[in-house]
Amino acid sequence: MKTILIEEFGAVDQLKEKDMPMPTFKENQVLIEVYAFSINPVDWKRREGKVGGKLPMVLGGDVAGIVKEIGSEVKDLKPGDRVFANATRTYAEYTRARAEVTAKIPDNMSFEEAAAVPLVGQTAWEAVVEQGKIKDGDRVLIHAGAGGVGSTAIQIAKHFNAYIATTASKENAEFVKSIGASEHIDYKNEDFEEKLKDFDLVIDPIGGKTQEKSYSVLKPGGRLVSLVQEPDEEKLKEHGIEGVYFSMKPTGERLKKLAELMETNELIPIVSQTYPFTEEGVREAHKQSQSGHTRGKLVVKVK
C-alpha cells in the first residue's frame, strides 16, 4: 500500500512516498481503508524529531474511512461502516485502530469533515466538559478561537448556552462569531485581561504570557484549563481559582458524543484546506500547519 513516511528526522523534504506492507490488526482492532486524514502540529514536531519515535515512521493521528475487516472481539462495527478514529500511521491507504476509539460517521458528514475531528474534538470536549466542568450559561474565555481546538471548543461551549469570549486575529473576527463566540478580542491590538472579568472558565491552548494574564479574568472559584503547561499554584491561590493541565487520552464514548453533535449540526468541523495524498501535497500541508495561522483543520484526501 502507498504511504507517506519519514526515514530521517528533518524538514518537509523528508516526507516521502513509499510502498509498505498492509497493516496487521488484533482481535480488538479494525482495519480501515483510509479516505481522509488530518494534519496536527504534533505531526511536524515528530517529523523534526522533537517528539521522538522509531524510524522509518508513518505519521498521523486522525483518520476517516471505511471498515474493511474487524477483529474477532469487535462487536459494534462491521465491514462497510463509515468510521472516524484516533489511530496512528494514518498517512497511508490503510491503517488499523482500536475499536474502542472508533465511531461511525454521521450520514450528514463527509470523510474530510470527519477526519478533522478525533484529536481536536476530543481535546476540546475534555477541556470544556470534563476538565472545565462547564455549566449551562457559564462565561467562558477560549484562547486561539480560530484554531482547530479553539473552533471546536467554541461550538461545544455554545451547546451549553455559554457566553463565549475568544482571542483571535482581526481577520478571524467574523468567523469566530459565526461559530458561536459572543465576543471577539483582537489579540494583536487588544489586552483581553483588561476587557474581561468574572469569567467561570478559561481554556488555554497557548500558555506562557497568555496563561499569566488569564488568572485575573476568572472570578473566585473559576477554573483555568491548560493544554500546554501546569498552572502556577501560587497564582491560583492568590486569585482563589482552580487550575488543571491535561493531556488527552482518547475514548470511544467521547467520539460518540461528538458524532451526536455533528449529526444535529451543533458541531460543524472546520476544514480550511484539503490536499492531495502526494509527497508535495503532504509537504504543503505541513508547511501550512507550521505557519501557525490555520483556521480550523487541514485535511489530506486519500480517496
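Residues numbered from 1 in each chain as written. Predicted model: local features only at pLDDT ≥ 70, side-chain atom pairs only at ≥ 80, totals over all residues. Heavy atoms only, no water.

Draft legend 1. Fine view of the overall build of the chain. Counting its secondary structure elements, the chain contains ten helices and 16 strands. Taken over the C-alpha trace, the chain has a radius of gyration of 19 Å; the compact-globule value for 303 residues is 19 Å, and the two agree within 12%. Considered along the principal axes of its C-alpha atoms, the chain spans approximately 55 × 40 × 35 Å. Looking at the chain residue by residue over its 303 residues, the buried ones come to 55%. Taking contacts inside the chain between residues at least 6 apart in sequence as the whole, the part at least 24 apart equals 64%. (Helix = DSSP H or I, 4+ residues; strand = E, 2+ residues; numbered from the N terminus. Rg over C-alpha atoms; globule rule 2.2 N^0.38 Å. Buried < 20%, exposed > 50% of the residue type's maximum accessible area, 1.4 Å probe, protein only. Contact = heavy atoms within 4.5 Å.)

Draft legend 2. Broad picture of the nonpolar core. In this structure, Phe 84, Ile 134, Ile 142, Ile 156 and Ile 203 are the most contacted members of the largest nonpolar core, which totals 50 residues. Among all residues touching Ile 156, those that are not within four sequence positions of it are Gly 121, Ala 124, Trp 125, Val 128, Val 129, Leu 258 and Leu 261. Counting 29 residues, the second largest nonpolar core, distinct from the first, contains Leu 15, Leu 59, Val 67 and Val 74. (Core = buried A, V, L, I, M, F, W, Y, C linked by side-chain atoms within 4.5 Å.)

Draft legend 3. How the structure looks around the packing of helix H3 (residues 118-131) against helix H4 (residues 148-159). As a packed pair, H3 and H4 sit with axes 8 Å apart at the nearest point and diverge in direction by 50°. Taken together, the axes of H3 and H4 lie oblique to each other. H4 is crossed by H3, and the crossing has right-handed handedness. Across from Val 120, Gly 121, Thr 123, Ala 124, Trp 125, Val 128 and Val 129 in H3, the residues of H4 making contact are Gly 148, Val 149, Thr 152, Ala 153, Ile 156 and Ala 157. Looking at the contact of H3 with H4 residue by residue, the class counts come to nine nonpolar, four polar and no charged. (Axes fitted to C-alpha atoms, helices over the stretch in contact; angles between N-to-C directions. Parallel < 35°, antiparallel > 145°, perpendicular 65-115°, else oblique. Left-handed = near helix turned anticlockwise from the far one by under 90°. Nonpolar A, V, L, I, M, F, W, Y, C, P; charged D, E, K, R; others polar.)

Draft legend 4. The packing of aromatic side chains, seen in detail. As enumerated under the stated definition, the model contains five aromatic pairs in all. Seen from their ring centres, Phe 37 and Tyr 91 are 4.5 Å apart, and the 20° between their planes marks the pair as stacked. Of the two residues, Phe 37 is situated in strand S3 (residues 29-39) and Tyr 91 in the loop between strand S6 (82-86) and strand S7 (94-98); the sequence distance between them amounts to 54 residues. Judged by its relative accessible area of 0%, Phe 37 is buried. Judged by relative accessible area, which is 0%, Tyr 91 ranks as buried. Where Phe 37 meets Phe 277, the ring centres are 5.9 Å apart and the plane angle is 85°; that geometry is what we call edge-to-face. Of the two residues, Phe 37 is situated in strand S3 and Phe 277 in the loop between strand S15 (271-276) and helix H10 (279-291); the sequence distance between them amounts to 240 residues. By the burial criterion, Phe 37 is buried, and Phe 277 matches it. One aromatic cluster is present, formed by Phe 37, Tyr 91 and Phe 277 through successive ring pairs. (Phe/Tyr/Trp six-rings, centres within 6.5 Å; stacked < 30°, edge-to-face > 60°.)

Draft legend 5. Quick look at the sheet that holds strand S2 (residues 16-19). Pairing is antiparallel in the open sheet, where three strands are placed in the order S2-S1-S4. The sheet terminates laterally at S2 and strand S4 (57-58), the two strands that pair on one side only. One ladder, built from four bridges, connects strand S1 (residues 2-6) with S2; its direction is antiparallel. The residue of S2 that forms the bridge with Leu 5 is Lys 16. (Pairing = 2+ DSSP bridges.)

Draft legend 6. Seen up close, the environment of Ile 134. Inspection of the secondary structure assignment puts Ile 134 in the loop between H3 and strand S9 (139-142). Look at Ile 134 and you get buried, because its relative accessible area is 10%. Residues Ile 134 and Arg 223 lie 89 residues apart in sequence; the distance between their C-alpha atoms is 9.4 Å. Excluding its chain neighbours within four sequence positions, the residues that come into contact with Ile 134 are Val 128, Val 129, Val 140, Ala 157, Phe 160, Ala 162 and Leu 201.

Draft legend 7. Here's a closer look at unusual backbone geometry. A cis amide bond links Leu 55 with the next residue in sequence, Pro 56, at an omega value of -5°. Assignment of secondary structure puts Pro 56 in the loop between helix H1 (41-47) and S4. We note that Ala 144 has phi near 55°; this positive angle belongs to a residue other than glycine. Along the chain, Ala 144 turns up in the loop between S9 and H4. Residue Ala 144 is classed as partly exposed on the basis of its relative accessible area of 30%. One non-glycine residue, Asp 198, lies in the positive phi region at around 60°.

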